[in-house]
Amino acid sequence: ASYMLERFGSTTTSPSPTCVSTSRPLGKVLEIGAGCGMLGLVLAASDLAQNVVLTETTDVIADLTANVQRNISTSAVSPDTTTTRLLRWDALEEDVVNDEQSLLRPHTFDTIVGTDVVFT
């Protein structure tokens, strides 16, 4: 996780006033190792984040994406502000380069979160 935060970390040590509105103080959020996506989905459904990108490894990304889609279908979160991406910690640069929408560009997140993040 330390490597992830250092290499692909936040734009600044605190949210940038140019990208964060006062009504959504967390700005653009990256959740690493999202698992089922509980934290990211709560942030996406709240007024705390402008955008939330939930990431997971190959083994879990399908379940995470299904959970996000379920929440989109019930209108709990918006498809315009909530998305999932494959992000393997042993292939960070490859996953960032292959991200067609460039949502994982380095140094573009205001806030990085994770719960029970385990690298095996």
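Before reading further, recall that the structure is shown in the block above.
Presented here is an overview of the structure given in this document. (Residues numbered from 1 in each chain as written. Predicted model: local features only at pLDDT ≥ 70, side-chain atom pairs only at ≥ 80, totals over all residues. Heavy atoms only, no water.)

The next subject is the nonpolar core. One finds Val-29, Leu-43, Val-52, Leu-54, Leu-64 and Val-68 to be the most contacted residues of the largest nonpolar core, which totals 14 residues. Those elements that provide at least two residues to this core are α2 (38-45), β2 (51-56) and α3 (61-73). Sort the elements by how many residues they give to this core and α3 lands first, with four residues. The next biggest cluster of nonpolar side chains, apart from the first, holds ten residues, and it includes Leu-30, Leu-87, Leu-104 and Ile-112. (Core = buried A, V, L, I, M, F, W, Y, C linked by side-chain atoms within 4.5 Å. Buried < 20%, exposed > 50% of the residue type's maximum accessible area, 1.4 Å probe, protein only. Helix = DSSP H or I, 4+ residues; strand = E, 2+ residues; numbered from the N terminus.)

In this section: the pattern of salt bridges. Applying the stated rule across the entire model yields three salt bridges. The shortest N-O distance in the salt bridge between Glu-94 and Arg-88 comes to 3.4 Å. The exposure class assigned to Glu-94 is partly exposed, which follows from its relative accessible area of 45%. Residue class for Arg-88 comes out partly exposed when judged on its relative accessible area of 22%. (Salt bridge = Lys/Arg side-chain N within 4 Å of Asp/Glu carboxyl O.)

What follows deals with the sheet that holds strand β3 (residues 82-86). Strand order in the open sheet formed by four strands is β3-β2-β1-β4, with parallel pairing between adjacent strands. Strand pairing shows two members of the sheet lacking a second neighbour, β3 and β4 (111-113), which therefore form its edges. Within the sheet, the average angular offset between the axes of one strand and its neighbour, ignoring direction, is 20°. Where β2 meets β3, five bridges bridge the pair, whose relative direction is parallel. Bridging across to β3, Leu-54 finds its partner in Thr-84. Along the sheet, α2 contacts β1 (28-31), β2, β3 and β4; its crossing angle with β2, the most-contacted strand, is approximately 170°. Sheet contacts for α3: β2 and β3; angle to β3, the most-contacted strand, approximately 170°. (Pairing = 2+ DSSP bridges. Axes fitted to C-alpha atoms, helices over the stretch in contact; angles between N-to-C directions. Contact = heavy atoms within 4.5 Å.)

With that out of the way, let us pick up α3. With 13 residues, α3 ought to run about 18 Å at 1.5 Å a step, and its terminal C-alpha atoms sit 18 Å apart, in line with that. Listed as buried for α3 are Ile-61, Leu-64, Asn-67, Val-68 and Ile-72. Down the axis of α3, the buried side of the element spans an arc of 140°, and every buried residue falls inside it. For α3, the exposed residues set more than 90 degrees away from the buried face come down to Ala-62, Asp-63, Arg-70 and Ser-73. Those residues of α3 that are buried are in contact with α2, β2 and β3. Taken from the residues just after α3, Ser-75 is the one with a positive phi, measuring 65°. (Expected span 1.5 Å × (residues − 1). Arc of directions from axis to C-beta.)

Glancing now at the packing of aromatic side chains. The tally for this structure, following the rule as stated, stands at zero aromatic pairs. Across from the ring centre of Phe-109, 4.5 Å away, lies the NZ or CZ of Lys-28, which sits over that ring. (Phe/Tyr/Trp six-rings, centres within 6.5 Å; stacked < 30°, edge-to-face > 60°. Lys NZ or Arg CZ within 6 Å of the ring centre and 35° of its normal.)

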